[in-house]
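Reading the structure
Here's the letter readout for the chains.
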Amino acid sequence: MLIVYYSSPSEYTHRFVQKLSHESRRLPLLTSEDTIEVHEPYVLITPTYGAGPNRGSVPKQVKKFLAQPVNREHIVGVIGAGNTNFGSNYCRAAKLVSAKLQVPVLYMFELLGTQDDVEKVDKGLETLCQRQRMNAT
């Protein structure tokens, strides 16, 4: 399963994705850069920024990517990266994307994630791949 993700200069999400055994494509760091287009099923991994009442949460680069109809067409789920210090806003960006695009939140992990998180996400993505293959036949 293809993974599309955004990671800030902190590289937390990037380091997590690099541990996974699935192909990935990183969204541009700057909103001034052209975004990517995806023409196959994918899972989005997004961190949460600025969580709180009346604040953004979804990174602008993710919003720009999802503003493209082709990218919305192929998303099958979202995984949230967050910090439990945000309390009820933990992984809020993933929850907002899920609600807006009517796709499931597949998993949530904190900061860099643990080895257990990596294993669970890899297993879940492999299950998604198998379902996609079965639905294609």
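As a reminder, the structure under discussion sits directly above these lines.
Residues numbered from 1 in each chain as written. Predicted model: local features only at pLDDT ≥ 70, side-chain atom pairs only at ≥ 80, totals over all residues. Heavy atoms only, no water.

**A closer look at the packing of aromatic side chains**
Here the structure, examined in full by the defined rule, presents three aromatic pairs. Considering the side-chain rings of Tyr-6 and Tyr-49, the 6.2 Å spacing of their centres and the 80° angle between planes classify their relative orientation as edge-to-face. With a gap of 43 residues between them, Tyr-6 in the loop between strand 1 (2–5) and helix 1 (12–18) and Tyr-49 in the loop between strand 3 (42–47) and helix 2 (60–66) connect regions that are remote in the sequence. Taken together, a centroid distance of 5.6 Å and an interplanar angle of 70° make the contact between Tyr-42 and Phe-65 edge-to-face. Taken together, the residues span a long stretch of sequence, with Tyr-42 in strand 3 and Phe-65 in helix 2 at a distance of 23 residues. Phe-65 shares its class with Tyr-42; the two are buried. (Phe/Tyr/Trp six-rings, centres within 6.5 Å; stacked < 30°, edge-to-face > 60°. Helix = DSSP H or I, 4+ residues; strand = E, 2+ residues; numbered from the N terminus. Buried < 20%, exposed > 50% of the residue type's maximum accessible area, 1.4 Å probe, protein only.)

**Let's talk about the pattern of salt bridges**
Working definition: two side chains of opposite charge can pair if their charged atoms are close together. Applying the stated criterion to the full structure yields three salt bridges. One salt bridge connects Glu-11 with Arg-26, and the closest N-O pair in it is separated by 3.1 Å. A residue pair is termed long-range when its members are at least 10 positions apart, and Glu-11 in the loop between strand 1 and helix 1 and Arg-26 in strand 2 (residues 24–26) qualify at 15 residues. We classify Glu-11 as partly exposed; its relative accessible area is 26%. Across the salt bridge formed by Glu-126 and Arg-133, the nearest N and O atoms sit 3.6 Å from each other. Residue class for Glu-126 comes out partly exposed when judged on its relative accessible area of 31%. (Salt bridge = Lys/Arg side-chain N within 4 Å of Asp/Glu carboxyl O.)

**Thoughts on helix 5 (residues 115–136)**
Compared with an ideal rise of 1.5 Å per residue, which puts 22 residues at 32 Å, helix 5 spans 32 Å between its outermost C-alpha atoms and is within 8% of the ideal. The complete set of buried residues in helix 5 reads Asp-117, Val-118, Val-121, Asp-122, Leu-125, Leu-128 and Cys-129. With its buried residues spanning 125° around the axis, helix 5 presents them on a single face. Of the exposed residues in helix 5, those oriented more than 90 degrees away from the buried face are Lys-123, Arg-131 and Met-134. Buried residues along helix 5 sit against strand 1, helix 1, strand 3, strand 4 (75–82) and strand 5 (105–110). (Expected span 1.5 Å × (residues − 1). Arc of directions from axis to C-beta. Contact = heavy atoms within 4.5 Å.)

**Considerations on the nonpolar core**
One finds Val-4, Tyr-42, Leu-44 and Phe-65 to be the most contacted residues of the largest nonpolar core, which totals 18 residues. Only strand 1, strand 3, helix 2, strand 4 and helix 4 (92–101) provide two or more residues apiece to this core. Among residues more than four places away in sequence, those in contact with Tyr-42 are Met-1, Leu-2, Val-4, Phe-65, Leu-66, Asn-71, Arg-72, His-74, Ile-75, Val-76 and Gly-77. Residues Tyr-107, Val-118, Leu-128 and Cys-129 belong to the second largest nonpolar core, which totals 17 residues. (Core = buried A, V, L, I, M, F, W, Y, C linked by side-chain atoms within 4.5 Å.)

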